Amino acid sequence: MKDLIFQRKKYFIRIGGFLFILFLLVAIFANFIAPFQLKARFDPFLPLGLKHLLGTNDIGNDLFTEFIYGSRITLLVGLLTGVFSVSIGVLIGLFAGYNGGFIDELLMGITDVILMIPRIPLIIVLSAFLRPSVGLMILVMSILWWTSTARVIRSRTMQIRSMGFVESARCLGFSGWHILFYEILPNIVMIIIPEFLITVASAMISEASLSFLGLGDPSLKSWGMMIHHAFQRGGFLNGMWWWYIPPGMSITLFVLSMVFLSFAFEETEIGMGEEVAIAPFNR
């Protein structure tokens, strides 16, 4: 069983890690990879070629350049939403699971209320009344995407708080803050990472969906906005598959990398066994 888990984990990490690093490097070094400036103009509707690898759009912008720079916005939305929402979920889950009682009921009640709010429709409504922007999208998704993380972390914290090393820390007089962040938190890292990866994937899909609907920031280039422009400006009707297929496939591959890495960490958690705890830090 352990050998099977190890083999699956190895393949998941190799494939997911390769795709993740590849897209991350493209986003980081976009200035060096992109052949032209974003505002550079050429003849419109040029086909694939050596000079323009993905042709040009209706106003003459190089599509390969847009594709490279678009990776920055798409990954930025996904990663920042993942960081903020998972951080909120971890904090709420830790406090609810460790304290129990009234605090647990209050925090889980708030979680249930947030969970009932329709996410995408709310973003659509806000975008209709406010100027669509990446910041607004990240803010709303971060506020709404943390609920599942909070529930998972709360459940695991309730299991760990009764373990021997936590009881020992209480007997030694350590504060609740120390126990939460130095005794319990290290033992749920293997749960937090998959939650973060899945949140990043979900945020990227949501950003692409909203941009496709025209609710993204029109002043910024993202993969979702490229697909939106392709359908709005004649790329689809003219059979210019190289305008919308590359960003669509890239979103799919990056989400797939997040899923593979998430599976790898989940397999690690299963292989370790729930009874195994990481040695307490800084006793």
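Scroll up a little and you will see the structure.
Here we summarise the structure given alongside this text. (Residues numbered from 1 in each chain as written. Predicted model: local features only at pLDDT ≥ 70, side-chain atom pairs only at ≥ 80, totals over all residues. Heavy atoms only, no water.)

To continue, consider the overall build of the protein. Within the protein one finds 12 helices and 0 strands. Tracing the protein from N to C terminus, the helices and strands come up as α-α-α-α-α-α-α-α-α-α-α-α. Its C-alpha atoms give the protein principal-axis dimensions of roughly 75 × 50 × 30 Å. For the protein, buried positions account for 47% of its 283 residues. Partitioning the contacts of the protein with sequence separation of at least 6, the portion at a separation of at least 24 is 73%. (Helix = DSSP H or I, 4+ residues; strand = E, 2+ residues; numbered from the N terminus. Buried < 20%, exposed > 50% of the residue type's maximum accessible area, 1.4 Å probe, protein only. Contact = heavy atoms within 4.5 Å.)

Here we come to the pattern of salt bridges. Per the counting criterion, the structure on display carries 5 salt bridges. Aspartate 104 is paired through a salt bridge with arginine 154; the nearest N and O atoms lie 2.6 Å apart. Of this pair, aspartate 104 sits in helix 4 (residues 101-116) while arginine 154 sits in helix 7 (residues 147-160), and the two are 50 residues apart along the sequence. The partly exposed category is assigned to arginine 154, whose relative accessible area is 22%. Arginine 170 is paired through a salt bridge with glutamate 167; the nearest N and O atoms lie 2.8 Å apart. Highlighted residues: arginine 170 and glutamate 167, both in helix 8 (residues 164-171), separated by 3 residues, approximately one helical turn. Since its relative accessible area comes to 31%, arginine 170 is described here as partly exposed. Judged by relative accessible area, which is 34%, glutamate 167 ranks as partly exposed. (Salt bridge = Lys/Arg side-chain N within 4 Å of Asp/Glu carboxyl O.)

Counting 30 residues, the largest nonpolar core has Phe67, Ile68, Leu75, Trp223, Phe254 and Met258 as its most contacted members. Elements that contribute at least two residues to this core include exactly helix 1 (2-28), helix 3 (63-99), helix 10 (189-212), helix 11 (223-232) and helix 12 (241-272). Element by element, the count of residues in this core is highest for helix 12, at 8 residues. With residues up to four places along the chain from it excluded, the contact list for phenylalanine 67 reads Leu54, Trp223, Met226, Pro246, Pro247 and Ser250. (Core = buried A, V, L, I, M, F, W, Y, C linked by side-chain atoms within 4.5 Å.)

Before going further, it helps to spend a moment on the packing of helix 10 against helix 11. Where helix 10 meets helix 11, the axes come as close as 7 Å, and the angle between the chain directions of the two elements is 25°. For the element pair helix 10 / helix 11, the angle class is roughly parallel. Remark: the crossing between helix 10 and helix 11 carries right-handed chirality. Contacts from Met204, Glu207, Ala208, Ser211 and Phe212 of helix 10 reach helix 11 at Trp223, Gly224, Met225, Ile227, His228 and Phe231. Its residues assigned to classes, the contact of helix 10 with helix 11 comprises 7 nonpolar, 3 polar and 1 charged. (Axes fitted to C-alpha atoms, helices over the stretch in contact; angles between N-to-C directions. Parallel < 35°, antiparallel > 145°, perpendicular 65-115°, else oblique. Left-handed = near helix turned anticlockwise from the far one by under 90°. Nonpolar A, V, L, I, M, F, W, Y, C, P; charged D, E, K, R; others polar.)

Once that is clear, we can look at the packing of aromatic side chains. Here the distance between the centres and the angle between the planes together describe a pair of aromatic rings. What the rule picks out here adds up to 16 aromatic pairs. Ring geometry for phenylalanine 236 and tyrosine 244: centres 5.9 Å apart, planes at 55°, overall tilted. Its relative accessible area of 17% is what places tyrosine 244 among the buried residues. Counting every residue linked through ring pairs, the aromatic cluster contains Phe20, Phe23, Phe64, Phe67, Trp223 and Phe254. (Phe/Tyr/Trp six-rings, centres within 6.5 Å; stacked < 30°, edge-to-face > 60°.)

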